[in-house]
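Overview (structure and organization)
Now for the letters of each chain:
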Amino acid sequence: MLDSKVGFDQFKRDFELSDDDFKIIKELSLKWTGISLSNSKKTMIYGRLNKRLRELEFSSFSQYCIYLKTHTDKEKTKFINAITTNLTSFFREMHHFSYLESHVIPELIEKNAHTRKIRIWSAGCSTGEEPYSIAMLLTQIPALAGWDIKILATDLDSDVIKKAESNVYACDRIQGVDSKFKRYIIEGENETVSIDPNVKNMIRFRVLNLLDTWPFKNTFDIVFCRNVVIYFDKNTQEMLFSRYAKNISNSGYLFIGHSETLNKLSTDFSSVGRTVYLKRS
Ligand SMILES: C[S@@+](CC[C@H](N)C(=O)[O-])C[C@H]1O[C@@H](n2cnc3c(N)ncnc32)[C@H](O)[C@@H]1O
């Protein structure tokens, strides 16, 4: 699959990326985002950053690395937005949505009957398909009518948060979405679609780096953090899972990505399904 952040520039090697410069990029990536880049990612990173070098009219990665260190305030966000991997889709890993509907929501309907509130966090939400899928699923559950449901959707990449907030998707993004959700999908101009504003209303999009302090006063019933920690090293994963445990209610749920695991990283959760975890009381 072509990397959408690279395009055809990938095939033109106009700048040299030395091992020393790549080492600087790896260190800054780890420090600022938690993303741990192996040497095998050198070509990918070259492809993602060479557009910035062109825009800045630099002739080498050495110049760019110096600029990154001396003009951090100006360049950090652009650097971060360029290096993140944002692959996502509506109802990605459908088994999670089935589990949510068949197990988690019926439990919460009983557990939270006194407050009629549900709080969900989509951490690392990319361009928004994940939180919109959760919102559509919850909207069509009759027993939740009138409930106060809020979904916080965060990512450290400000470009993807803008895209999610804009709520405009190419038509082909909804191919394969179950017909029962089509009533929440509105056709727009130029072969685009958007999600029903009433569904969007349940979601708040924010830029948040998972390595920073989390500004939450209350805990979440459910956290989705899928296909995010896979880019982090073990220590960062361990630290994050421990923070999730503190920010999830007792008997709340954590959903992680298909190639991720809590095995040997956290004892705060019990595995209850395929990459679905229940927080121990
Ligand atoms: C592959 S996408 C996953 C999107 C969605 N959760 C899914 O599974 O379809 C990973 C997302 O994690 C975000 N991410 C990476 N490091 C992060 C960090 N330190 N804080 C917050 N988000 C981060 C990236 O910007 C990217 O959008």
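Just so we're clear, the structure is a prediction, and the values are computed from it rather than from any experiment. Counting starts from 1 at the beginning of each chain's written sequence and moves along it residue by residue. In view of the model being predicted, local features appear only for residues whose pLDDT reaches at least 70, and side-chain atom pairs are presented and counted only at 80 or more, with totals across whole chains, interfaces and linings using the full set of residues. Water and hydrogen atoms play no part in the side-chain values, which are based on all heavy atoms of the structure.

A look at the sheet that holds strand β5 (residues 192–195)
Hydrogen bonds along the backbone pair up the strands of a sheet, which may run parallel or antiparallel. Stated precisely, the cut-off is as follows: Paired strands are those between which DSSP finds at least two bridges. By definition, any uninterrupted DSSP run of H or I lasting at least four residues is a helix, any uninterrupted run of E lasting at least two residues is a strand, and each is numbered from the N terminus.
Ordered in space as β3-β5-β4, the three strands form an open sheet in which the pairing is antiparallel. Edge positions in the sheet fall to β3 (169–170) and β4 (185–187), since each of these pairs with one other strand and no more. In this sheet, β5 lies alongside β3 in antiparallel orientation, the contact comprising two bridges. Across the sheet, the residue bridging to Y169 is V193, located in β5.

Topic: the side chain of Q237
Rules: Relative accessible area decides the class of each residue, using a 1.4 Å probe on protein chains only: under 20% of the type maximum gives buried, over 50% gives exposed, and in between gives partly exposed. In this analysis, two residues are considered to be in contact whenever any of their non-hydrogen atoms come within 4.5 Å of each other.
Within the fold, Q237 resides in helix α9 (residues 234–247). Assessed through its relative accessible area of 7%, Q237 is described here as buried. Not counting chain neighbours up to four residues away, the residues in contact with Q237 comprise V229, I230, F232 and L265.

So, the packing of aromatic side chains
Where we set the bar: Stacked, tilted and edge-to-face are the three classes applied to pairs of Phe, Tyr and Trp rings, where Trp contributes its six-membered ring and a pair requires centres within 6.5 Å; stacked means planes under 30 degrees apart, edge-to-face means over 60, and tilted covers the rest. We call a charge positioned over a ring when the NZ of a Lys or the CZ of an Arg lies within 6 Å of the ring centre and within 35 degrees of the ring normal.
All told, the structure shown has 20 aromatic pairs when counted by the stated rule. Consider the rings of F91 and F181, whose centres lie 4.4 Å apart with planes at 20°: the pair is stacked. Residue F91 is located in the loop between α4 (72–83) and α5 (94–111), and its partner F181 is located in the loop between β3 and β4; the two are separated by 90 residues in the primary sequence. Take F91: its relative accessible area is 9%, and that puts it in the buried class. Members of the aromatic cluster, connected to one another through ring pairs, are W121, W214, F216, F220, F241 and Y244. Its guanidinium or amino end placed over the ring of W214, R243 lies 4.0 Å from that ring's centre, counting from NZ or CZ.

Regarding the nonpolar core
Where we set the bar: What is meant by a nonpolar core is a set of buried Ala, Val, Leu, Ile, Met, Phe, Trp, Tyr and Cys residues, joined one to another through side-chain atoms within 4.5 Å. What fixes the domain bounds is an automatic or database domain assignment.
Residues F79, W121, Y244 and L254 are the most contacted members of the largest nonpolar core, which totals 48 residues. The set of elements that each furnish at least two residues to this core consists of α1 (19–33), α2 (42–55), α3 (61–70), α4, β1 (117–123), β7 (220–225), α9 and β8 (248–256). Both of domain 1 (7–83) and domain 2 (94–279) provide at least three residues apiece to this core. Ignoring anything within four residues of it in the chain, the contact list for Y244 reads W121, A123, L210, W214, V223, C225, L254 and F269. Among the nonpolar cores identified, the runner-up in size contains 42 residues, and I118, I120, A164 and V193 belong to it.

What about the domain arrangement of the protein chain?
Operational definition: Joining two parts hides part of their accessible area as seen by a 1.4 Å probe, and the buried area is that hidden amount summed over both. We define a salt bridge as a side-chain nitrogen of Lys or Arg found within 4 Å of a carboxyl oxygen belonging to Asp or Glu. Each residue receives one of three labels: charged for Asp, Glu, Lys and Arg, nonpolar for Ala, Val, Leu, Ile, Met, Phe, Trp, Tyr, Cys and Pro, and polar for the others, Gly being one of them.
For the protein chain, the domain assignment lists domain 1 (7–83) and domain 2 (94–279). One C-alpha centre belongs to domain 1, the other to domain 2; they are set 30 Å apart. The interface of domain 1 with domain 2 comprises ten residues on the first partner and nine residues on the second. Both sides together, the interface formed by domain 1 and domain 2 hides about 770 Å², and carbon and sulfur atoms give 53% of it. Area buried by domain 1 at its contact with domain 2 is led by T33, G34 and N81, which between them contribute 49% of it. Across the contact surface, domain 1 and domain 2 share zero salt bridges. Looking at the side of domain 1 that touches domain 2, the elements that each hand over two or more residues are α1 and α4. Per-element tally for the side of domain 1 that touches domain 2: the top contributor is α1, with four residues. For the side of domain 1 that touches domain 2, a count of residues per class yields four nonpolar, five polar and one charged.

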